[in-house]
Each structure stands twice: as C-alpha cells, then as structure tokens.
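Chains, contacts and geometry: an overview
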Amino acid sequence: MIPSFEISLGAPILHGLVTIGKFDGKHPSLACATGSDNILIHSPHLHDIDTKQEVRQFSVNRRISAITSGPWSLTSVETTNSEEMSKLSAQAQEQLQIAEDVEIDINAGGQAIRRKQTRHALLIGTQTNLLCYDVEGNSDLFYKEVPEGLNVIAFGKIPSHSQPLAIVGGNCSLQGFDQEGNEMFWTVAGDNVTALCFRRKQLIVGSEDYEIRIFEGEDVVMETTESNVIMNLVGIKEDFFGFALANGTIGVYNDAKRVWNARAKYDVMDMTVFDLDDDGQPELITGWSNGRLEVRKFDDGQLVFKERFSSAVSGLCVADYRMQGASEVICCIESGEIRGYGTANTAEIKEIIQKAVDTRKLDALKAKKMALQMEKSGYENNLEAFKSKESTPGLVPQDTKLEMLLEEDKHNKGMHVVLSSSSVGTVVKLAIVECSGSAAQSSQVFKLAKPQKDISIPLAKEQFGQEFSLQIKAIVGHKSSFQDHVL
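To start, this report covers the structure provided alongside it. Owing to the predicted nature of the structure, the values given are computational and were not obtained by experimental measurement.

**Considerations on the sheet that holds strand β21 (residues 230-237)**
Strand order in this open sheet of 4 strands is β21-β22-β23-β24, and the pairing throughout is antiparallel. Each of the sheet's edge strands pairs with one partner strand only, and the pair in question is β21 and β24 (257-263). Sheet twist, expressed as the mean angle between neighbouring strand axes with direction ignored, is 20°. In terms of strand pairing, strand β22 (residues 240-245) meets strand β23 (residues 249-254) through 5 bridges, oriented antiparallel. Bridging across to β23, phenylalanine 240 finds its partner in asparagine 254.

If you want it as structure tokens, here you go:
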C-alpha cells in the first residue's frame, strides 16, 4: 500500500502517547508526547497560513503516562453591544458564524452573545495528576490530583451520565471526571488498570491480573481471563472488540467468546479499526515494536496487508486529518514520521489487496493439502500393516491413549503432571505444553535423553491456587521406530 501522505515532525514520538482532536472545533490536529516531558501539537491546516504555528510545543514538566482528547463543549462567551452587531447584515452575521464557529444571540439586556461551539479538550495524564487543557485558548481547564495513580485515559459516555466523562484507570480503581474536573464516577477495577476502551456505553477494562471486564456503569456484566497482561483494547462493532497482550498476542472477542487470536515475538504498540479495503467491514490494524503495521480481518484474523517501517510504531489514529472529506489511518512512527493510509477507493488498489489476500489463502491451502497427503499416506501404510498382520516397529496400536496423572513432587515440594502411553512397548519421546490463564505463561518442550514409558511435567509454584489450562501434545512411538505419532 502506498501512503496518501508523509510528514516528518522532527522529534521522536513516545509509545502510546498520541491522539487527534479538533482543538479549534473544526480542524483535526495531532497531539503527541515527545522527549523531555513535552507535548507537540501538529496542525496541518495551518501549513499554508502560518508555518510557525503548524507545529507547537509546550512542556508539562512531569513524566506523561497517558494522553487523549474528547469533544467537551468548551464555551468561550464574549458579550458585545447589540447595536454594533445590528450594523452587520444577516449575511455578514452568518459568515461570521461560519468563520468563527459561533452562535449569535441577543439577550434580555440587549447584549449580543457570541459562543464558541464544541471544541476538543486535550487530556494529559501523569503518574498522579490529570490536566485538562484548552489548546485553542491556551489555558488549563482543570488540574486534578489523582492519588490512586493514572495509567490510562478513555473518553466517552456511561449509562448514568448524559455528558461524556474522562475515565481514568489507576491502581485498582476507575475514576470519571466531567469537564469541570468534578469526580462523577468511581468503582473498583480488581487490579492495576492497563487498558481502556468504550463500546457503545459499555466500558471495557484490561488489568494486570490478566482479566478483561466489561462495565455498565459500576456493574461488571462480563469477565474473562486471558493468558497475560492486557495492554490494548479497541471496540470494533456491535459486540466485537480487539485486544493485545504483553506477550505479543492479539485477537478479537465477541462478548465473552474469543473469536481468534495470533501471537508474535514482538510487542504491540497500538491498535485501531478502519475499513481499509472498502468492503463495508472494519479491519483490525496493529502497530508493532519492530516497525511492522498489520491489517487483519476482524472476524477471522486473516492478514490483508502489512507494511514495515524503519522504527517502532508509536500510535495509530483514525481521522480526516487533511480535511479532504474521508477518514484515514494515521500511523505515527517513533522516529517522528506520520503516514496516512486511506480507504482503497480505486479499482486498481482493491485489485492489489484482493490479489494479496487470495495469494495468502492459496499458500495456506497448499500447506494444508501437503499435510493431509502425508497424513493419508501414513494411515494407508498403517492399514496395510494391520491387514497383513505384520509387526512393524513404527506401528502404534490403534487403541493407544495418552494417560495423564497429577502427582505430588515431594522432593521439590511441588506438583507435576505425569504423561504415559497406554500401549506396551511404546514410549513418550517428547511433550509440548502450552499453559494459559495463570501467572506462569509459557510454551515449553519436555524431552528425555532416554525416552521412557512416562514423562513428568513440573508445575510452577506461581500456578498453585490459580485457575489455568494446559494444552498438551505428545509424540509417542517405539524406541527404535522411524515413524512416531502425535497424541
């Protein structure tokens, strides 16, 4: 995919500290955290008007932990004499309203009131403080102490309030503030909050205890356990939402049911959703620490598009950044570059994307065909051997089972799972164990120098007293066999 635009800010962009808001009420501007506790504001609409104001910076003087923006009704009231306003024609007043995004009313005292309409506020979180800043007015709207800590911020509506709130996730708690800085919402989160997002009027919360909880107001309506710390959450559509874990796993849930997941050896930097291929369905877009940008189908995880940058992806946003009438994915790179990717709205681009998707599908089917052919060949050879009643060293009886037993490990003061083969003369050569849902998350391979009838898998002490699951695959065969079997 060819980016629709590229911009260099000339300053590094810190991971996860990127947002886009209409701070003047009309034009999208990007706000991001850079080094030395600074906030950089990039306003592309000022490029041809005032290049000095296109990029602005101000210092927060504290380590920035979170940043977002939201459309609070920031109202600037200016009163003037009604006689002065009456000198303007109706057309002039209408042009003034369009130019300055104001409403003009004549109050009972004969004064004309000009009010700025909805502008976005910039919300900046530090470790123990929340700053709400009016970028256009260059003033602080409120500054609140948050003694319970501030890890993430989300902006949206909850059922009990008609106006949107800034929801702050901290140490085992959630707090909601209105546009005047009043605390309007508080509830317990279970553990330190690491990710937040809104889906309709539901608040989805991820925490360090590997839990994903969905709140309606103060009530938890859904809770599920993942295999690691939840680092990112994003609402997709209807009941679907995406997630990313600290171990490089990404995936999608449909309410409490996990639809799919995939894992990489790199860290997820940010996630967003956007209909990039113009098929009417949003895709899950993920930025990685190795500079990789991935676009996947939200319903099955199929890879649609990928790109590689020279440095890590710092943040992803969706906005009509250049005011051209169509939203784009705005990709911010750690080195300070900004790239935009729009919807594939031409037949040529759609054909390129579809060709890439078809090629990946064909490769997957070819690999599956090869595996099935090998499996079929093995079954045929075994069937012939059974029919001829020949004794083949590589042949495992059809009724062979993998037996599992939980035993106490007195020597190490722990527990272990013992795997054994049910057939005489067969041994367990290797076991692959994947653990999920506990404090000790890993995929491990166990192999004995001299294969025996059974093999022991120790359980970590961190797993005691916790709910977790083990997925085990074992390779079973005769000691001298050239062909082994997976159970």
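**Points about the pattern of salt bridges**
By the definition in use, this model includes 13 salt bridges. Lysine 297 is paired through a salt bridge with aspartate 279; the nearest N and O atoms lie 2.7 Å apart. Within this pair, whereas lysine 297 is found in strand β27 (residues 292-297), its partner aspartate 279 is found in the loop between β25 (268-274) and β26 (283-288), the two being separated by 18 residues in sequence.

**Regarding the pairing of strand β6 (residues 64-70)**
The buried fraction of β6 amounts to 7 of the 7 residues, a majority that puts the element mostly inside the structure. When β6 meets strand β10 (residues 121-126), the two strands line up antiparallel, connected through 6 bridges. What sits directly across from threonine 68, in β10, is leucine 123.

**Brief notes about the environment of phenylalanine 142**
Tracing the chain through its elements places phenylalanine 142 in strand β12 (residues 139-145). A relative accessible area of 6% means that phenylalanine 142 is categorised as buried. Phenylalanine 142 sits 37 residues away from glutamine 179 along the chain, and the two C-alpha atoms are 8.1 Å apart. Once residues lying within four places of it in the same chain are set aside, the contact partners of phenylalanine 142 are Trp72, Leu123, Leu130, Leu131, Cys132, Phe177, Asp178, Gln179, Glu180 and Gly181.

**Looking at the sheet that holds strand β32 (residues 402-409)**
An order of β32-β33-β36 is seen for the 3 strands of this open sheet, with the pairing classed as antiparallel. A strand with exactly one partner marks an edge of an open sheet, and here the two such strands are β32 and β36 (454-458). For this sheet, the mean angle separating the axes of adjacent strands, direction not counted, is 25°.

**Looking at the packing of aromatic side chains**
Summed over the entire model, instances satisfying the criterion amount to 6 aromatic pairs. Pairing phenylalanine 58 with tyrosine 133 gives two aromatic rings, centres 4.7 Å apart and planes at 35°, and the pair type is tilted. Residue phenylalanine 58 is located in strand β5 (residues 55-59), and its partner tyrosine 133 is located in strand β11 (residues 129-134); the two are separated by 75 residues in the primary sequence. By relative accessible area, which is 19% here, phenylalanine 58 ends up buried. Measuring from centroid to centroid gives 5.5 Å for phenylalanine 241 and tyrosine 253, while their planes differ by 10°, and the two rings are stacked. Taken together, the positions of phenylalanine 241 in strand β22 and tyrosine 253 in strand β23 put the pair 12 residues apart, joining distant regions of the chain. Of the two residues examined, phenylalanine 241 and tyrosine 253, each falls in the buried class. What links up through ring pairs into an aromatic cluster is the set Phe241, Phe243 and Tyr253.

**Examining unusual backbone geometry**
Its identity is not glycine, yet arginine 200 carries a phi of approximately 55°, on the positive side. One can find arginine 200 in the loop between β17 (193-199) and β18 (202-207). The phi angle at methionine 323 is positive, at roughly 55°, despite the residue not being glycine. Since its relative accessible area comes to 44%, methionine 323 is described here as partly exposed.

**A word on the environment of glycine 181**
Inspection of the secondary structure assignment puts glycine 181 in the loop between β15 (173-177) and β16 (183-188). Judged by relative accessible area, which is 2%, glycine 181 ranks as buried. Here the alpha-carbon distance between glycine 181 and leucine 141, two residues 40 residues apart in the chain, equals 8.1 Å. Sequence-distant contacts of glycine 181, defined by excluding residues within four places in its chain, comprise Phe142 and Lys144.

Definitions and limits used
- Residues numbered from 1 in each chain as written.
- Predicted model: local features only at pLDDT ≥ 70, side-chain atom pairs only at ≥ 80, totals over all residues.
- Heavy atoms only, no water.
- Pairing = 2+ DSSP bridges.
- Helix = DSSP H or I, 4+ residues; strand = E, 2+ residues; numbered from the N terminus.
- Axes fitted to C-alpha atoms, helices over the stretch in contact; angles between N-to-C directions.
- Salt bridge = Lys/Arg side-chain N within 4 Å of Asp/Glu carboxyl O.
- Buried < 20%, exposed > 50% of the residue type's maximum accessible area, 1.4 Å probe, protein only.
- Contact = heavy atoms within 4.5 Å.
- Phe/Tyr/Trp six-rings, centres within 6.5 Å; stacked < 30°, edge-to-face > 60°.

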